[in-house]
Amino acid sequence: MTKTAKLSLNDQNIDLPVIVGSEGEVGIDISKLRGQTGAITLDPSFANSGACESAITYINGEKGILRYRGYDIADLAEHASFPEVCHLLIYGRLPTRPEREDFRGRLTRHSLVHEDMKKFFEGFPPTTHPMVVLSSMIASLSAFYPGDDTAEEIDLNIIRLLSKAKTLASYSYKKSIGQPFMYPQNDRTYLENFLMMMFGVPAEKYEVNQVVRHALNKLLILHADHEQNCSTTAVRVVGSGGANLFASISAGVSALWGPLHGGANQAVIEMLEMIQADGANYQKYVDLTKSKDSDFKLMGFGHRVYKNFDPRARILKEASDNVLASLGVDDPLLEIAQRLEEVALADSYFVERKLYPNIDFYSGIIYRAMGIPTDMFTVMFALGRLPGWIAHWLEQRNAPGTRINRPRQIYTGETARPWVKLDNR
Ligand code: SDX
């Protein structure tokens, strides 16, 4: 493998160092390019640019490979618990049994949020989207836990965030339906506490449905990290300026909300409901996608990195059948989703553009069957992605030589022009 790339620009010929990753990915290091040539590179959506070196998650988009710290996503989804995956992503390895029990215990004991935070909820209108609540409440945690100078303070804030986010998420749901908030219980695990706070009325009588708990565990693991996606990049950019953990993660929640990113899981269900209302005429919507006169997209299809299949979508497609059958839920949207996938994947428009279902295509079907309302779907995505965001924030904070993220640009506006007095304009 060559150790340098050669660039010829005007009368200059320069060698650029080549970095090769542990899975053989090749990167051309241009960190000294502007100093050597005065030129910059231009890659508006960063599709060809690496922002960092990272040891957290590996994706091979051509082969449909996704691994967290070397472990394959299918193994983790089948065998791990979400707290174990949180530990793996954040600390770099699966916990030993004593470490797992200690970690679980800390996640349970820090579930309560400060009573004063409940006053913040009173100011939101009942129609507030839960993602607004989650983003602002996570940022607000820095008002109650301002210290993040030492490794111990940071680790405690990581536990607080992982643990309180599920409480805040359930409060955002309860707020939206006008029901009282449910307090977490210290004899319940992470998933059981979340489900009880969402659906347990009264709390002490709530019995967790093990099919729902198992499905939730799988969904959170599948969403836990995905290297340099839009929202993780937002977390890294905000964190690079020295912003604290809560402020950086709040930025990630906001970035995730967009319908091209995590907001797609809500948009998929709304699209399937629209197709259902239109006589399940899915061919019409496949044709609409292809029409030059329409900007309609099949939500839940396509991916910047996966060009054969999203391994998470495959796992969720199988899980959706199993979960709905186990819960005795007959959701017509599942049938429409499956037919839509068949029609799309037989159509040259999708095949030529390598558009396949992504993680958001089937996740909403399962959330629905679990009783989670549509506008909470992206909150569920955020709860899953939390350990990944935290892991990347921490990796960047601990990386030697980290600098504030500050890209350059190519200016295309007006060149210098003299001031014109008002009565001459
Ligand atoms: C997530 O990055 C991550 O890892 C994200 C994520 C994670 O875990 O963090 O995996 C989670 O965000 C998944 C994606 C969820 N979004 C959607 O499902 C929204 C629908 N998908 C598209 O908007 C799109 O596919 C993106 C945003 C996912 C990817 O966009 P790209 O890489 O910029 O691709 P593009 O828009 O340039 O599309 C290339 C072509 C275009 O056609 P042409 O101009 O070449 O004719 O494919 C077409 C697009 O019009 N296309 C679609 C389409 N997605 C792309 N056409 C119809 N329906 C779609 N869904």
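Up top you'll find the structure we're talking about.
Quick notes on the rules
- Residues numbered from 1 in each chain as written.
- Predicted model: local features only at pLDDT ≥ 70, side-chain atom pairs only at ≥ 80, totals over all residues.
- Heavy atoms only, no water.
- Pairing = 2+ DSSP bridges.
- Helix = DSSP H or I, 4+ residues; strand = E, 2+ residues; numbered from the N terminus.
- Axes fitted to C-alpha atoms, helices over the stretch in contact; angles between N-to-C directions.
- Parallel < 35°, antiparallel > 145°, perpendicular 65-115°, else oblique.
- Left-handed = near helix turned anticlockwise from the far one by under 90°.
- Contact = heavy atoms within 4.5 Å.
- Nonpolar A, V, L, I, M, F, W, Y, C, P; charged D, E, K, R; others polar.

Draft legend 1. Quick peek at the sheet that holds strand E4 (residues 57-60). On the basis of which strands lie adjacent, the open sheet formed by three strands has the order E4-E5-E6 and antiparallel pairing. Strands at the two margins of the open sheet, each flanked by one partner only, are E4 and strand E6 (71-72). The sheet contact formed by strand E5 (residues 65-68) and E6 spans two bridges and is antiparallel. If you follow arginine 67 over to E6, its bridge partner there is aspartate 72.

Draft legend 2. Up close: the sheet that holds strand E1 (residues 4-9). The strand order across the open sheet formed by three strands is E1-E2-E3, and the pairing between neighbours is antiparallel. Each edge of the sheet is formed by a strand with only one pairing partner; in this case those strands are E1 and strand E3 (26-28). With strand direction ignored, the average angle separating the axes of adjacent strands in the sheet is 30 degrees. With three bridges joining them, strand E2 (residues 12-20) and E3 adopt antiparallel strand pairing. Bridge assignment links valine 20 to a residue of E3, and that residue is valine 26.

Draft legend 3. Fine view of the packing of helix H9 (residues 210-222) against helix H17 (residues 359-369). Where H9 contacts H17, the axes come no closer than 11 Å and their chain directions differ by 155 degrees. It follows that H9 is roughly antiparallel to H17 by the angle criterion. Two packed elements cross with a definite hand, and for H9 against H17 that hand is left-handed. Contact residues: H9 offers Ala215, Leu219 and Leu222, while H17 offers Ile359, Ser363, Ile366 and Tyr367. A breakdown of the residues in the contact of H9 with H17 according to their chemical character gives six nonpolar, one polar and no charged.

Just geometry here; none of it tells us what the structure is for.
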